[in-house]
Amino acid sequence: MNITRRSFIKSLALNSAVAAASTLFPGISFGAWKSKDIPAGMIQWKKTPCRFCGTGCGLLVGVSSERAVAVKGDPNCTVNKGLCCVKGYHSIQILYGEDRIKKALVRKNGKLVEVPLKEALDLVAEKMKETIKSHGKDAVAIYGSGQWSIPDGYAASKLFKGCIGTNNVEANARLCMASAVTGFLTSFGLDEPMGCYDDIDHADVFVTWGNNMAEMHPVLFSRMLANRTSKKHVKIIDFATRTTRSSQGSDKSILFRPQTDLAVANAICYEIIRNKWVNWDFVKKHVSFHKGKTNIGYGTQDHFKFKDKAETVDFKQYKEFLKDYTPENVEKISGVSAQDIKYMASLYGDPDKKVTSFWCMGMNQHTRGTWINNLVYNIHLLVGKISSPGNSPFSLTGQPSACGTVREVGTLTHKLPHGVVMQEEARKMAAEIWQVPVENIDPKPTYHTVEMFRALDRGDIRFMWVQVTNPMVTMPNLKRYRNGALKDGRFMVVSEIYPTPTSDVADVVLPSALWIEREGFFGNSERRTQHNEQIVPMPGETVSNTWQIIEVARKMGFEKQFPWSRKTYIEDIWNEYIRFHDNPKHRMAPYKELKARSGIQWPFVNGMETKWRYNPKYDPAAKGDDFDFYGKPDRKAWIWLRPYEPAAESPDSEYPFWLNTGRVLEHWHTGSMTRRVPILHRAVPSSYVEVNPDDAARLGITNGSQVKITSRRGSIVMTANINGRGNPPMGMVFVPFFDEKYLINEVTLDAFCPISKQPDYKKCAVKLERA
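Residues numbered from 1 in each chain as written. Predicted model: local features only at pLDDT ≥ 70, side-chain atom pairs only at ≥ 80, totals over all residues. Heavy atoms only, no water.

Trainee: Before we move on, can you summarise the overall build of the protein with the specific residues and values?
Mentor: Helix and strand counts for the protein stand at 27 helices and 30 strands. Judged by the C-alpha coordinates and their principal axes, the protein covers about 70 × 60 × 60 Å. When each of the 771 residues of the protein is scored for burial, the buried share is 67%. Here the protein has roughly 26200 Å² of accessible surface; of this, 49% comes from carbon and sulfur atoms. Counting 103 positive and 81 negative side-chain charges, the protein places the centres of these two groups 2 Å from one another. (Helix = DSSP H or I, 4+ residues; strand = E, 2+ residues; numbered from the N terminus. Buried < 20%, exposed > 50% of the residue type's maximum accessible area, 1.4 Å probe, protein only. Areas by Shrake-Rupley, 256 points an atom, 1.4 Å probe, with all protein chains shown as cover. Lys, Arg positive; Asp, Glu negative; His and termini not counted. Charge placed at Lys NZ, Arg CZ, Asp CG, Glu CD.)

If you want it as structure tokens, here you go:
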């Protein structure tokens, strides 16, 4: 169903972000959810962060008779101010699916059978020790998630990196935000955004770079709409590869050809310089210029290695580099008119306009993901629109603790909770806090996610523990990695809450407690740490992922490093973990403060949270009376010379279409939870392929007909969706990946950004046929 621009604007007259969002998503209820059988007076309300996406909305969960029976937005949470999207309002129903895993399972004679939890944990510890003895410490691995709570990830890192001595620790956030990390590190020297969601209330212009916020971050998009309603001059610019609900809600939608956002970003910078919009006072004081390697490859072969090398240049060289990126030249590459490029540049260049840029998977799942992050920072740095209210380049995340658990705890192969394994001082700090010999912590990273699953296929890894993620749906070029997991000599452990294609390949399945069934912490996109208490009992023999790791660690002989009691282990872990961040640049709030509040932004110094980093007006770590980009040795932000380079695979005569994959409003990632919520499942019961109506007419494809999508790696038959909520341009198809009946990642390509190692799910070549 298409929503006309007129009906969308009419909804804004209600001056309600919720009403506006409801018009954007017809057929989906945005009211609070409550079980019909429970009188309101019998409900006790308790606060918790939402466990979907990285927004970090605050919820109030209603409990009656030890069961979650109602949900509403927390009006005291500054993130969502009482609002929630449809997933949040129905979130507690994910606890009560009929096929919930409540007991441990072990594969015997080819079948998974229920066993006591102790038996399963004994087997996991035994198999780990056996594998290490036979094949070495780097033959075991753990693959976690941005859905891990902070204690989950911390316990995993301590066990594997500190005690066992392997850096085989990765998380699915490598697939969704690794390019954001390397973008921050290369441009600023430190990870995570400098701004916060308050930027939404201050900005005059929003540019969404390949980001369908209306469906992926609907509460934040609703806040943008509310700002525009109250301030008539506010503009929202949708810069994307397909038309979406975000396009319909924007003031202007500009479509570009896949991968060419690189060229457009450079063209915007060219125009800023040509029109003398550079903020020279800012640039001279706070910016230096650098270039790296080019023609850097795509990582499609095993054992691919790449290391960038920065070379300092000057503004004159940067200006010369941009000469190839005139709007007229870039129009030929990107399909974006020179007029639209100049218009975007004028918005960034206007000194009287505060500009916030938002992005998520469109920029990060990109074979030059680090580069496009750098290039958007370049735009903001040239005009000095950064680290102040309303001026913010802002990378959003798609999981509740991709920031808190993966980026801050450091559950990636090269990371430690403070610093990286390659740094001696970081290893010494970890060894002291973890009470292990410093020699235990290997100074050499092992495998990033794609290479980890390649290593599993090759047999370099023999034991893998997967916690609360679903790689047998999400890995690109999926057939190879599923077949690898099923090979002889592999032992797979999966901690899960529902059966999935990943638990289907497991030798042991451990029953995990979910979200409000156990205490924990999440860290959202704006550096906000959020505590959640245990609100309802754990069902059956389920336990937290943290406690599973603690039990296995003890069984492997690491009682000294994991001494905590069942009653206080979450608080004890938090108090140990924050020792890593005890400095003004990243100090975390104490346990009692986090329990009392709906989240606190770090750095938390002298009882105050930090909303804007690198600005001494707000950031206690910033020195002087002006901006201080203290993450870099020169205390300056870096502008990078990054060229346009084509995608790893582009359409040709045999495979003439781009394939783009992503998400929908109603379902979250692989749908293992949301497809068990009746209203969400009824709204979008199965996946589909969006086809441009002109392409459909040419190929004889009609709405609802069956279409075969084929790449060089595999094929799949799906139902065609024409003129639905999204509409790709000619020459592109789009497929949501939430439906395990349609494994679109059997078709995708496992190319990745050589710097971040994040795969590109947005671009590969396919052909279409009527099935």
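From this point, things continue past the structure.
Trainee: Describe the side chain of Thr260, with residues and values.
Mentor: Tracing the backbone through its elements, the reader meets Thr260 in the loop between strand 11 (252-255) and helix 11 (261-274). Residue classification places Thr260 among the buried positions, given a relative accessible area of 2%. A distance of 2.6 Å separates a polar atom in the side chain of Thr260 from the backbone oxygen of Arg257. Those residues in contact with Thr260 that lie beyond four places of it in its chain are Ile333, Ser334 and Tyr644. (Polar contact = N/O pair within 3.5 Å; in protein donor to acceptor, adjacent residues only side chain to side chain. Contact = heavy atoms within 4.5 Å.)

Trainee: Which residues make up the environment of Tyr197, and what values go with them?
Mentor: With respect to the element layout, Tyr197 can be found in the loop between helix 6 (178-188) and helix 7 (199-202). Under the relative-accessibility criterion, Tyr197 is labelled buried at 1%. Separated by 118 residues in the primary sequence, Tyr197 and Val79 have C-alpha atoms spaced 6.9 Å apart. In terms of polar contacts, Tyr197 uses its side chain to reach the backbone carbonyl oxygen of Thr55, at 2.9 Å.

Trainee: Help me get a handle on the packing of aromatic side chains, residues and values and all.
Mentor: As enumerated under the stated definition, the model contains 37 aromatic pairs in all. Plain terms: the ring middles of Phe52 and Trp668 are 5.5 Å apart, the flat faces sit at 65° to each other, and that makes the pair edge-to-face. One end of the pair, Phe52, is in the loop between strand 2 (44-49) and strand 3 (58-64); the other, Trp668, is in the loop between strand 25 (657-662) and helix 26 (678-683), with 616 residues separating them in the sequence. We note that Phe52, like Trp668, is buried. Cluster of aromatic residues (ring-pair linked, three or more members): Phe184, Phe188, Phe282, Trp359, Tyr377, Tyr614, Phe627, Phe629 and Tyr630. (Phe/Tyr/Trp six-rings, centres within 6.5 Å; stacked < 30°, edge-to-face > 60°.)

Trainee: Go over the sheet that holds strand 11 with me, naming the residues and quoting the values.
Mentor: Pairing is parallel across the open sheet formed by five strands, whose spatial order is 11-10-9-14-15. The strands lining the two open edges of the sheet, one partner per strand, are strand 11 and strand 15 (392-395). With direction set aside, neighbouring strand axes in the sheet form an average angle of 15°. Here five bridges tie strand 9 (residues 205-209) to strand 10 (residues 235-240), and the two strands are oriented parallel to one another. (Pairing = 2+ DSSP bridges. Axes fitted to C-alpha atoms, helices over the stretch in contact; angles between N-to-C directions.)

Trainee: Describe the sheet that holds strand 5 (residues 104-108), and please don't skip the residues or the numbers.
Mentor: The seven strands are arranged 6-5-18-17-16-7-8 in an open sheet whose pairing can be described as mixed. Each edge of the sheet is formed by a strand with only one pairing partner; in this case those strands are strand 6 (111-115) and strand 8 (169-171). Across the sheet, the mean angle separating the axes of adjacent strands is 20° when strand polarity is ignored. In this sheet, strand 17 (residues 491-496) lies alongside strand 16 (residues 463-467) in parallel orientation, the contact comprising five bridges.

Trainee: Quick one: what's the story with the pattern of salt bridges, residue by residue and with numbers?
Mentor: If you walk through the whole model with that rule in mind, you get 50 salt bridges. Ionic pairing is found between Glu690 and Arg242, a salt bridge with its closest N-O pair at 3.0 Å. A residue pair is termed long-range when its members are at least 10 positions apart, and Glu690 in strand 26 (residues 689-691) and Arg242 in the loop between strand 10 and helix 10 (245-249) qualify at 448 residues. Residue Glu690 is classed as buried on the basis of its relative accessible area, which comes to 1%. Here Asp626 makes a salt bridge to Lys285, at a shortest N to O gap of 3.5 Å. With a gap of 341 residues between them, Asp626 in the loop between strand 23 (608-609) and strand 24 (637-641) and Lys285 in helix 12 (residues 280-286) connect regions that are remote in the sequence. (Salt bridge = Lys/Arg side-chain N within 4 Å of Asp/Glu carboxyl O.)

Trainee: How would you sum up helix 23 (residues 545-555)? Please name residues and give values.
Mentor: Counting buried positions along helix 23 yields eight of 11 residues, so the element is predominantly enclosed. Where helix 23 is concerned, the buried positions are Asn545, Thr546, Trp547, Gln548, Ile549, Ile550, Val552 and Ala553. Of the residues one or two after helix 23, Gly557 is the one with positive phi, at around 100°.

Trainee: Tell me about the nonpolar core, and please be specific about residues and values.
Mentor: Membership of the largest hydrophobic core comes to 92 residues, with the highest contact counts inside it found for Phe188, Trp209, Ile268, Tyr318, Leu381 and Phe629. Two domains each provide a minimum of three residues to this core, namely domain 2 (104-173 + 401-563) and domain 3 (178-396 + 628-641). Discounting residues that sit within four places of it in the chain, Trp209 has contacts with Phe239, Asp261, Ala265, Ile268, Met344, Tyr348, Ser357, Phe358, Trp359, Met363, Val376 and Ile379. Val421, Ala426, Trp434 and Phe491 belong to the second largest nonpolar core, which has 64 residues in total. (Core = buried A, V, L, I, M, F, W, Y, C linked by side-chain atoms within 4.5 Å. Domains from an automatic or database assignment.)

Trainee: Account for the side chain of Arg528, with residues named and values stated.
Mentor: Following the sequence through the fold, Arg528 ends up in strand 20 (residues 528-532). Reaching out from Arg528, the side chain makes a polar contact with the side chain of Thr78 at a distance of 3.1 Å. At a separation of 2.8 Å, a polar atom in the side chain of Arg528 contacts the side chain of Glu526. Leaving out residues up to four positions away in the same chain, Arg528 has contacts with Thr78, Val79, Phe522, Gly523, Ser598, Gly599, Ile600, Gln601 and Glu609.

Trainee: Which residues make up the pairing of strand 17, and what values go with them?
Mentor: Look at any regular strand and the pattern is simple: side chains alternate between the two faces of the sheet. Burial of strand 17 is extensive: six of the six residues sit out of reach of the surface. Neither face of strand 17 is open: one carries Phe491, Val493 and Ser495, the other Met492, Val494 and Glu496, and all of them are buried. Both strand 17 and strand 18 (residues 508-511) contribute to a ladder of four bridges, which runs parallel. Residue pairing in the sheet places Val493 in a bridge with Val508 of strand 18.

Trainee: Just give me the short version of the domain arrangement of the protein, but keep the residues and values in it.
Mentor: Split into domains, the protein comes out as domain 1 (44-96), domain 2 (104-173 + 401-563), domain 3 (178-396 + 628-641) and domain 4 (657-748). Placing the centre of domain 1 and that of domain 2 at their C-alpha centroids yields a distance of 27 Å. Contact with domain 1, which involves 22 residues of that partner, is made by 18 residues of domain 2. In total, domain 1 and domain 2 occlude about 1700 Å² of area from one another, counting both sides; carbon and sulfur atoms represent 59% of this. Ranking the residues of domain 1 by area buried against domain 2 places Pro49, Arg51 and Leu95 at the top, with a combined share of 36%. Here domain 1 and domain 2 share zero salt bridges between them. (Buried area = accessible area lost by both parts, 1.4 Å probe.)

Trainee: Describe in detail the packing of helix 14 (residues 327-334) against helix 15 (residues 338-349), supporting the description with residues and values.
Mentor: The geometry of a pair of packed helices is captured by two quantities: the angle between their axes and the separation between those axes. Running from N to C, helix 14 and helix 15 point in directions that differ by 115°, and their axes come no closer than 8 Å. Between helix 14 and helix 15 lies a crossing of right-handed hand. Residues Pro327, Glu328, Val330 and Glu331 of helix 14 lie in contact with helix 15, whose contacting residues are Ala338, Ile341 and Lys342. Classifying every residue of the contact of helix 14 with helix 15 by side-chain character gives four nonpolar, no polar and three charged. (Left-handed = near helix turned anticlockwise from the far one by under 90°. Nonpolar A, V, L, I, M, F, W, Y, C, P; charged D, E, K, R; others polar.)

Trainee: Describe helix 6, and please don't skip the residues or the numbers.
Mentor: Where burial is concerned, most of helix 6 is hidden: 10 out of the 11 residues are buried. Listed in full, the buried residues belonging to helix 6 are Ala178, Ser179, Ala180, Val181, Thr182, Gly183, Phe184, Thr186, Ser187 and Phe188. Against helix 16 (361-364), helix 17 (369-383), strand 15, helix 18 (402-408) and strand 24 lie the buried residues of helix 6.

Trainee: Can you explain the environment of Asp204? Please cite residues and give values.
Mentor: Considering the arrangement of structural elements, one finds Asp204 in the loop between helix 7 and strand 9. The class for Asp204 is buried, based on a relative accessible area of 13%. Each C-alpha atom, one on Asp204 and one on Ala596, is 34 Å from the other, the two residues being 392 residues apart in sequence. Those residues in contact with Asp204, other than ones at most four positions away along the chain, are His233, Val234, Lys235, Asp352, Lys353 and Lys354. Within the structure, the side chain of Asp204 is placed 2.8 Å from the backbone nitrogen of Lys354, a separation counted as a polar contact.

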